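Spelled out from the first residue to the last, the chains are:
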Amino acid sequence: EAFGELLKDTPEYVAQPQVMGEVDSARLEALMSLAYGSGIEPLDSLVIMEIPMDDSFGFVAGLSQTDGIVGGSQCNPMMMTTAYSCVIVTAEDASETNAIVRDFALHVDWLKWVCVAPTHAFVAVKDNMVLCVMGSDQLYYGTKSAADADGWTILEELENPNM
């Protein structure tokens, strides 16, 4: 009874991705929708954060160059050896998205993680945003299904050539 009384005003915990720092609102909304729609459990194992627009942006995002890109955000598992990465970049103009799609597709880092490797990747577009997802099993297929449901157009699907 005492424990119940102490916790009576405590809101119920609802698992959700952790948002670190300030994240562009359009990309945050897209990443949250993908996370919730993907079936990934537990959701609070994911972290969403902005990718700083500095010299490391291309490396972190998985691109060889940053021409025509105004920003990017990522969603990844926290502190886990899980081969999963979800990156959204925003192009200055929707006409530049095809070049960004090609760059993502050509520069997928299948060896990004030391202990694990993704089996698949896809690159998709929606308006002036480009999405690149790498993963395996439910992480990959759940996110792909969520992207389809959210109106993303998948332009590239890739399989890990090392598997």
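Residues numbered from 1 in each chain as written. Predicted model: local features only at pLDDT ≥ 70, side-chain atom pairs only at ≥ 80, totals over all residues. Heavy atoms only, no water.

> Explain the overall build of the protein chain here, please?
For the protein chain, the helix and strand inventory stands at five helices and seven strands. Listed N to C, the secondary structure of the protein chain is α-β-α-β-α-β-β-α-β-β-α-β in terms of helices and strands. Overall, the protein chain is about 60 × 35 × 30 Å in size when its C-alpha atoms are taken along their principal axes. Looking at the protein chain residue by residue over its 163 residues, the buried ones come to 44%. Considering only contacts within the protein chain whose residues lie at least 6 apart along the sequence, 64% involve residues at least 24 apart. Counting every atom, the protein chain has about 8900 Å² of accessible surface; 54% of that belongs to carbon and sulfur. (Helix = DSSP H or I, 4+ residues; strand = E, 2+ residues; numbered from the N terminus. Buried < 20%, exposed > 50% of the residue type's maximum accessible area, 1.4 Å probe, protein only. Contact = heavy atoms within 4.5 Å. Areas by Shrake-Rupley, 256 points an atom, 1.4 Å probe, with all protein chains shown as cover.)

> Before we go on, may I ask you to explain helix α4 (residues 97-106) in this structure?
Residues lying three or four places apart along an α-helix face the same way, a consequence of the helix completing one turn every 3.6 residues. For α4, the full list of buried residues reads Thr-97, Ile-100, Val-101, Asp-103, Phe-104 and Ala-105. Summarising the contacts, the buried residues of α4 are in contact with α3 (57-61), β3 (69-77), β4 (85-91), β5 (120-126), β6 (129-135) and β7 (153-159).

> Explain the nonpolar core here, please?
Looking at soluble globular proteins, one finds that nonpolar side chains tend to be buried together. Membership of the largest hydrophobic core comes to 23 residues, with the highest contact counts inside it found for Leu-34, Leu-46, Cys-86, Ile-88, Phe-122, Leu-131 and Trp-152. A total of five residues in this core trace back to one element, the largest contributor, which is helix α2 (residues 25-38). In terms of nonpolar packing, the next biggest core, distinct from the first, is built from 15 residues, Phe-57, Val-89, Ile-100 and Phe-104 among them. (Core = buried A, V, L, I, M, F, W, Y, C linked by side-chain atoms within 4.5 Å.)

> What exactly am I supposed to notice about the state of the cysteines here?
In protein structure, a disulfide is the covalent linkage between the sulfur atoms of two cysteines. Considering all chains together, one arrives at zero disulfides under this definition. Cysteine Cys-86 is unpaired, with the sulfur of Cys-75 as its nearest cysteine sulfur at 5.6 Å. (Disulfide = S-S within 2.5 Å.)

> Looking at this structure, I do not really get the pattern of salt bridges. What am I missing?
Close approach of charged atoms allows side chains of opposite charge to pair. Evaluation of the coordinates by the stated rule reveals four salt bridges. A salt bridge links Lys-8 to Glu-5; the shortest N-O distance between them is 2.8 Å. Note that Arg-27 is salt-bridged to Glu-50, the shortest N-O span being 2.3 Å. In this pair, Arg-27 is assigned in helix α2 and Glu-50 in strand β2 (residues 46-51), connecting sequence segments 23 residues apart. Classification of Glu-50 as partly exposed rests on a relative accessible area of 25%. A cluster of three or more residues bridged by salt bridges with shared partners is formed by Asp-24, Arg-27 and Glu-50. (Salt bridge = Lys/Arg side-chain N within 4 Å of Asp/Glu carboxyl O.)

> Which parts of the structure should I look at to understand unusual backbone geometry?
Generally, phi is negative for residues other than glycine and the peptide bonds are trans, each holding for most cases. The linkage connecting Glu-41 with the following residue, Pro-42, adopts the cis geometry, with an omega of -10 degrees. Inspection of the secondary structure puts Pro-42 in the loop between α2 and β2. Although it is not a glycine, Asp-127 sits at a positive phi angle of roughly 55 degrees. Tracing the backbone shows Asp-127 in the loop between β5 and β6.

> Explain the packing of aromatic side chains here, please?
Within this structure, the stated rule accounts for two aromatic pairs. Consider the rings of Phe-122 and Tyr-140, whose centres lie 5.7 Å apart with planes at 70 degrees: the pair is edge-to-face. Of the two residues, Phe-122 sits in strand β5 while Tyr-140 sits in helix α5 (residues 137-149), which places them 18 residues apart along the sequence. Comparing Phe-122 with Tyr-140, the two get one shared label, buried. Both rings, one in Tyr-140 and one in Tyr-141, keep their centres 5.0 Å apart while their planes meet at 85 degrees; by these two values the pair is edge-to-face. Assessed through its relative accessible area of 1%, Tyr-140 is described here as buried. By relative accessible area, which is 44% here, Tyr-141 ends up partly exposed. By way of ring pairs, the aromatic residues Phe-122, Tyr-140 and Tyr-141 are connected into one cluster. (Phe/Tyr/Trp six-rings, centres within 6.5 Å; stacked < 30°, edge-to-face > 60°.)

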